[in-house]
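# Overview (structure and organization)
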Amino acid sequence: MAIPYAVVPSHFNPAVYEALDAANDVIFFQWDLTDDTFQLRASDAAHRYDLPDHFPRASTRLALEGIVHPDDASILEYYLHRLYHSRPASRRHNHLTARLRLRSTKKPLWLWSEVHLVTYYQGQRPAMAFGNIRNIQAEKLWQERVCRRANTDDLTGLLSKGAVKTQIRAALRRMCPKKDTATLLIVDADDFKAINDTFGHLFGDKVLHEVGQAIRRNFRQSDIKGRIGGDEFIILLPGMGCTDILARHCHGLCRRLTRVFHADGKHQSFSISIGAAQYPAHGQSYKELFAHADQALYKAKGQGKGQYVLYQPDMSEQAVDDKKPMTEPIALDPSMPQDQEQNVALLEARIEQLQDTINGMRQMMLALLQVKR
């Protein structure tokens, strides 16, 4: 049975404000800017902040003693700069709202908080600031979770197409060609359509998930990894300038993902090809590096797939030549009978089919040898 209050409030009074403060997890403070003293308002409301009730030299202790997160100390510096260098001419007070992390008494060590400050001036000199602190940790974590889901490819767990391109471009803009190095990789599944056609799209999705997990494990956590197409992935490796280490990682990934799948009496070989371009030698922008890594990927597939190739300048010339016909088309004699023309066309088509069959058998043999090892 609920026990009624002896006195039911009829208006906002200190007890009502105290109850609302506790429900909203808000604490209040005042900051005497004349003697630089910080003091929490006396309250029965519990809070999780590792914040003394009263301490002097607040402007330095808040940052230097780790009450404010080191990465957010600049926000405090900005506030103090505004106080003493942007003095209001006609206003008696100004407002400031900031979101920063404050030290907690338990895990997590830092709590995202929203701080509101009202600063009062005595003439041109800041005299007193009053403010409140609201715990927004749950709200911030929810926002980060929503952002991660929006930027993550559901199938592979890597970054989505838009997110990975944005992050790579931002990383390249921060680099200096005189002192920084990086490598851009394009990873493409070989003949992935055959996997879907043979085993179905659900099986194909599992294969792509496995490729994504292999990429995640094969490279560093600091590397930027994402899926940019159905069976195409992109990776930026900041600081990767050593071609030997790069080759070892890429060849290892190719070996790990080369195999033959068996299901329901059917079998199909699978592999990946990797093309690479390096910053700043092969380009400094995302567009340049992607184009050159794509040319290296084309070279890898042309050499038999299932391998890694680093871009070389002569590939650009080769790419132009490849757009031209490799051989002159067969000139048919106008007087040739129609059945002979059809035979020539069938022969050309048969040669193309045989070449595809030979390439497929080569990949299968390589995969079988890998399995035996």
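Worth saying up front: this structure is predicted, and the values here are computed from it rather than measured. (Residues numbered from 1 in each chain as written. Predicted model: local features only at pLDDT ≥ 70, side-chain atom pairs only at ≥ 80, totals over all residues. Heavy atoms only, no water.)

## Quick notes on the packing of aromatic side chains
- Here the structure, examined in full by the defined rule, presents nine aromatic pairs.
- Measuring from centroid to centroid gives 4.9 Å for Phe-29 and Phe-38, while their planes differ by 20 degrees, and the two rings are stacked. As far as burial versus exposure is concerned, Phe-29 and Phe-38 are alike and both buried.
- Ring plane angle 80 degrees and centroid distance 6.1 Å describe the contact between Tyr-120 and Phe-130, whose orientation is recorded as edge-to-face. Of the two residues, Tyr-120 sits in strand 5 (residues 110-122) while Phe-130 sits in strand 6 (residues 125-135), which places them ten residues apart along the sequence. (Phe/Tyr/Trp six-rings, centres within 6.5 Å; stacked < 30°, edge-to-face > 60°. Buried < 20%, exposed > 50% of the residue type's maximum accessible area, 1.4 Å probe, protein only. Helix = DSSP H or I, 4+ residues; strand = E, 2+ residues; numbered from the N terminus.)

## Describing the pattern of salt bridges
- By the definition in use, this model includes 14 salt bridges.
- Of the charged contacts, one joins Asp-72 and Arg-101 as a salt bridge, the two residues approaching to 2.9 Å between their closest N and O atoms. Of this pair, Asp-72 sits in the loop between helix 2 (58-64) and helix 3 (73-85) while Arg-101 sits in strand 4 (residues 93-103), and the two are 29 residues apart along the sequence. Across the pair, Arg-101 and Asp-72 agree in class, each one buried.
- A salt bridge links Arg-134 to Glu-139, with the nearest nitrogen and oxygen atoms 3.9 Å apart. (Salt bridge = Lys/Arg side-chain N within 4 Å of Asp/Glu carboxyl O.)

## As for the sheet that holds strand 9 (residues 232-238)
- The mixed open sheet is built from five strands, whose spatial order is 8-9-7-12-13. One side of each edge strand has no neighbouring strand; the edge strands of this open sheet are strand 8 (224-227) and strand 13 (308-310). Averaged over all adjacent pairs, the angle separating strand axes in this sheet is 15 degrees, with direction ignored.
- Here eight bridges tie strand 7 (residues 182-189) to strand 12 (residues 272-279), and the two strands are oriented antiparallel to one another. Residue pairing for strand 12: Leu-185 is matched across the bridge by Ala-276. (Pairing = 2+ DSSP bridges. Axes fitted to C-alpha atoms, helices over the stretch in contact; angles between N-to-C directions.)

## Observations concerning the pairing of strand 9
- Most of strand 9 sits out of view: six of its seven residues are buried.
- Here seven bridges tie strand 7 to strand 9, and the two strands are oriented antiparallel to one another. Paired with Asp-188 across the strands is Glu-232, a residue of strand 9.
- Taken together, the four bridges between strand 8 and strand 9 define a ladder with antiparallel strand orientation.

## Details of the packing of helix 7 (residues 201-218) against helix 8 (residues 243-257)
- In contact at an axis separation of 11 Å, helix 7 and helix 8 are set at 150 degrees when each is read in the N-to-C sense. The orientation of helix 7 with respect to helix 8, classified from their angle, is roughly antiparallel. Of the two possible hands of crossing, helix 7 and helix 8 adopt the one that is right-handed. Contacts from Glu-210, Val-211, Ala-214, Ile-215 and Asn-218 in helix 7 reach His-249, Leu-253, Arg-256 and Leu-257 in helix 8.
- Of the residues belonging to the contact of helix 7 with helix 8, the class tally is five nonpolar, two polar and two charged. (Parallel < 35°, antiparallel > 145°, perpendicular 65-115°, else oblique. Left-handed = near helix turned anticlockwise from the far one by under 90°. Contact = heavy atoms within 4.5 Å. Nonpolar A, V, L, I, M, F, W, Y, C, P; charged D, E, K, R; others polar.)

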